[in-house]
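Coordinate inspection notes
Listed below are the residues making up each chain.
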Amino acid sequence: MRRLLSGLAVLWAAATAAYLALLVAPGDVVDILVGDGADTPQIRAEISREWGLDRPEIVQYVAYLGRLVQGDLGRSYLLHRDVGAVLADQLGPTVELMLAAGGVGVTLAVLVAVATAGRGRWIRSAVAAFQLVSVSVPPFLIGILLLFVFSFSLGWFPVSGAKDASALVLPALTLGLPIAGVLGQVLREGLERALEQPFAVTARARGLTERALVVRHALRHALLPAVTLAGWLTGGLLGGAIITEALYGRPGLGQVTLNAVTGQDLPVVMAVVVLSAAVYVAISTLLDLAYRLIDPRLRSA
């Protein structure tokens, strides 16, 4: 219950920050909400009625929160559509990209950590250097390099679009490699600490091989900090999706957000902020629940 209440507090803070951005933006509220869209007396009257601009500010704020609770994200006066419908149309490709990138990052991190934990110094140093590069280089540079090698030079994958699964490979790698670099470092350090614990000594004394010890026992002990970090990296996935979708010409929330920012479509921008916070809270809550499955000691506590 405490975790759910803290999640609601995060959602409230995100919604409030989005609303305050509307208030502190220079210019009249109606002009800001119209953006680069058509500006007519009818549209201005509709905006004033929807946002209750003739009422006190605190009443406007409470009404805004009330609409969010009911699932009403407002209306885009640039696109002349409900914001919820705009986001729903583009949510699928972004979720697909995030799941693929997360899967690539986690899989690579686990494989590399298991393969290098406890190995020689030179192997670990070489892998650590590669992980450092993958974390340090901005995702859009990784994407440009992947496009140059695998699309322009080799022609293995399409340059842009989202027609089939092959068009998802390079965007998923672009977002997944930095995640693999960070998680791989944390997992390897956790595995090496776990291999020094008394249970590891007992398992070796019973004749368990080193590889079986890592996979069956040590990996589970090393997962908790990695799971915590994976929840934090969710925010990076959401932010990176905007740049990655623009780089590869993919549909999704990234394109919607970019168009909303360039077109000054503030209702869409505010809705994306709230939606991003909701996704982050949902994933963090699920990961908190996963702790009890990973570590039985938390269930007994």
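Presented here is an overview of the structure given in this document. Only a predicted model underlies this, so the values are computations on that prediction, with no experimental measurement involved.

Remarks on the overall build of the protein chain
Looking only at helices and strands, the protein chain features 13 helices and two strands. By its C-alpha atoms, the protein chain is 80 × 55 × 30 Å across when sized along the principal axes. Taken over 301 residues, the protein chain has a buried fraction of 38%. When contacts within the protein chain are restricted to residue pairs at least 6 apart in sequence, long-range pairs at least 24 apart make up 72% of them. Here the protein chain has roughly 16,100 Å² of accessible surface; of this, 68% comes from carbon and sulfur atoms. Both charge centroids of the protein chain, one from 23 positive and one from 21 negative side chains, sit 17 Å from each other.

Observations regarding the packing of helix H7 (residues 139-153) against helix H8 (residues 166-194)
Remark: H7 packs on H8, axes separated minimally by 9 Å, with the N-to-C direction vectors making an angle of 140°. Put simply, H7 runs oblique to H8. Of the two possible hands of crossing, H7 and H8 adopt the one that is right-handed. For the pair H7 and H8, contact is made by Pro 139, Ile 142, Gly 143, Leu 146, Leu 147, Phe 150 and Ser 151 and by Leu 170, Leu 173, Thr 174, Leu 177 and Pro 178, respectively. Considered class by class, the residues forming the contact of H7 with H8 number nine nonpolar, three polar and no charged.

Notes on the layout of surface pockets
Within this model, the largest pocket holds a volume of roughly 640 Å³. Elements represented by at least two residues in the lining of the largest pocket include exactly helix H5 (83-116), H8, helix H10 (210-248), helix H11 (253-262) and helix H12 (266-294). Ranked by the residues each element gives to the lining of the largest pocket, the list is headed by H10, at eleven residues. A breakdown of the residues in the lining of the largest pocket according to their chemical character gives 27 nonpolar, eight polar and no charged.

Scoring rules and cut-offs
- Residues numbered from 1 in each chain as written.
- Predicted model: local features only at pLDDT ≥ 70, side-chain atom pairs only at ≥ 80, totals over all residues.
- Heavy atoms only, no water.
- Helix = DSSP H or I, 4+ residues; strand = E, 2+ residues; numbered from the N terminus.
- Buried < 20%, exposed > 50% of the residue type's maximum accessible area, 1.4 Å probe, protein only.
- Contact = heavy atoms within 4.5 Å.
- Areas by Shrake-Rupley, 256 points an atom, 1.4 Å probe, with all protein chains shown as cover.
- Lys, Arg positive; Asp, Glu negative; His and termini not counted.
- Charge placed at Lys NZ, Arg CZ, Asp CG, Glu CD.
- Axes fitted to C-alpha atoms, helices over the stretch in contact; angles between N-to-C directions.
- Parallel < 35°, antiparallel > 145°, perpendicular 65-115°, else oblique.
- Left-handed = near helix turned anticlockwise from the far one by under 90°.
- Nonpolar A, V, L, I, M, F, W, Y, C, P; charged D, E, K, R; others polar.
- 1 Å grid on protein atoms, 1.4 Å probe; cavity = no way out; pocket = protein on both sides within 12 Å on 5 of 7 lines; lining within 4 Å.
- Points joined across faces, edges and corners; volume = space filled by probe spheres on them.

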